[in-house]
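Fold and contact review
Single-letter residue listing:
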Amino acid sequence: NGNSGNTTANELYLGGTMDAATNIVSGLITDPDDYPTNVLAQPLKVTINCSDTYSGTQDSTWAFENTNTYSGGTTINRGTLHANGEHALGSGTVTVSSASAMLVINANNATDIAATLNLPGTSATNLFMIADYCAVAVLTIGGTPQPTGVYKASENAWLGGSGSLYVGVETPEVGAVLSIR
């Protein structure tokens, strides 16, 4: 299956090649114990960098199942990351860096509402919204900041699935009822 290890200080590197299996991280991913009290400590950054160099396989798939508290951001260089829990992506910037990388949001509020989401461009679908909604503060596509508002998968070719991405606006409250008189 996949492999992991620290490539630099405070970076969790998740990679590997495999067939159709999914690597599941069900434990809590947190910043180092002494962060932020130790001025030399840095927040944890998670990097997904999967390859398909092994003949007959596909890019690796990872799934984050927990409410994670790491704060150094998440970068997906290649492969697929499923965010299956609320705040599964911790806090910090979330970057899908290439056309061969994908982020699948399976849980409402999988990102931090203050996060920036960076997508590589509009020519490929790099973000799938399976959950009803997810919110970020800023969305950039191909390096260009996008307007605030609600982006629906049914209206944007770069956004797959059936949910909506809320950018700089509040998400609907669960169980809220609209009454019109």
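In this report, the structure presented in the accompanying data block is examined. This structure is a prediction, so every number in the text was calculated from the model and none was measured. (Residues numbered from 1 in each chain as written. Predicted model: local features only at pLDDT ≥ 70, side-chain atom pairs only at ≥ 80, totals over all residues. Heavy atoms only, no water.)

Overview of the overall build of the chain
The criterion, for reference: To qualify as a helix, a DSSP run of H or I must reach at least 4 residues; to qualify as a strand, a run of E must reach at least 2; elements of each kind are numbered from the N terminus. Exposure categories follow from relative accessible area, calculated using a 1.4 Å probe and restricted to protein chains: below 20% of the type maximum is buried, above 50% is exposed, and the middle band is partly exposed. Should any heavy atoms of two residues lie within 4.5 Å, those residues are considered in contact. The protein chains shown are the only cover counted for residues, whose accessible areas, like all others here, come from Shrake-Rupley with a 1.4 Å probe.
Looking only at helices and strands, the chain has 0 helices and 17 strands in total. When the 181 residues of the chain are sorted by exposure, 42% land in the buried category. The long-range share in the chain, meaning contacts at least 24 apart out of those at least 6 apart in sequence, stands at 50%. Of the roughly 9000 Å² of accessible surface on the chain, a fraction of 49% belongs to carbon and sulfur atoms.

Considerations on the sheet that holds strand S15 (residues 149–152)
The condition is simple: Strand pairing is defined by DSSP finding a minimum of two bridges between the two strands. Axis geometry follows a simple rule: fit a line to the C-alpha atoms, using only the stretch in contact for helices, then measure angles between N-to-C directions, giving values from 0 to 180 degrees.
The mixed open sheet is built from 3 strands, whose spatial order is S12-S17-S15. Each of the sheet's edge strands pairs with one partner strand only, and the pair in question is strand S12 (133–136) and S15. Taken over all neighbouring pairs, the strand axes of this sheet differ in orientation by 20 degrees on average, direction set aside. One ladder, built from 4 bridges, connects S15 with strand S17 (residues 164–167); its direction is antiparallel. In the strand pairing of S17, Tyr-151 is matched with Leu-165.

Considering the environment of Gly-168
Of note, Gly-168 is situated in the segment after S17. For Gly-168, a relative accessible area of 46% translates into the label partly exposed. In sequence terms Gly-168 and Val-136 are 32 residues apart; their C-alpha atoms lie 6.3 Å from each other. Excluding residues within four positions of it along the chain, Gly-168 makes contact with Val-136, Ala-137 and Thr-148.

Regarding the side chain of Thr-111
Selection rule: Under the rule applied, a polar contact is a pair of N or O atoms within 3.5 Å (in protein, one hydrogen donor and one hydrogen acceptor; residues adjacent in sequence only if both atoms are side-chain atoms).
Tracing the backbone shows Thr-111 in the loop between strand S9 (101–105) and strand S10 (116–119). Take Thr-111: its relative accessible area is 4%, and that puts it in the buried class. In this structure the side chain of Thr-111 is engaged in a polar contact, spanning 2.8 Å, whose partner is the backbone oxygen of Ala-135. Contacts of Thr-111, omitting those with residues within four sequence positions, involve His-87, Leu-89, Val-94, Ile-105, Cys-134, Ala-135 and Val-136.

Quick look at unusual backbone geometry
The phi torsion at His-87 lies on the positive side, around 60 degrees, for a residue other than glycine. Looking at the secondary structure, you find His-87 in the loop between strand S7 (74–83) and strand S8 (94–96). A relative accessible area of 27% means that His-87 is categorised as partly exposed. Within the chain, Asn-109 stands out as a residue other than glycine whose phi angle is a positive 60 degrees. As for its position among the elements, Asn-109 is in the loop between S9 and S10.

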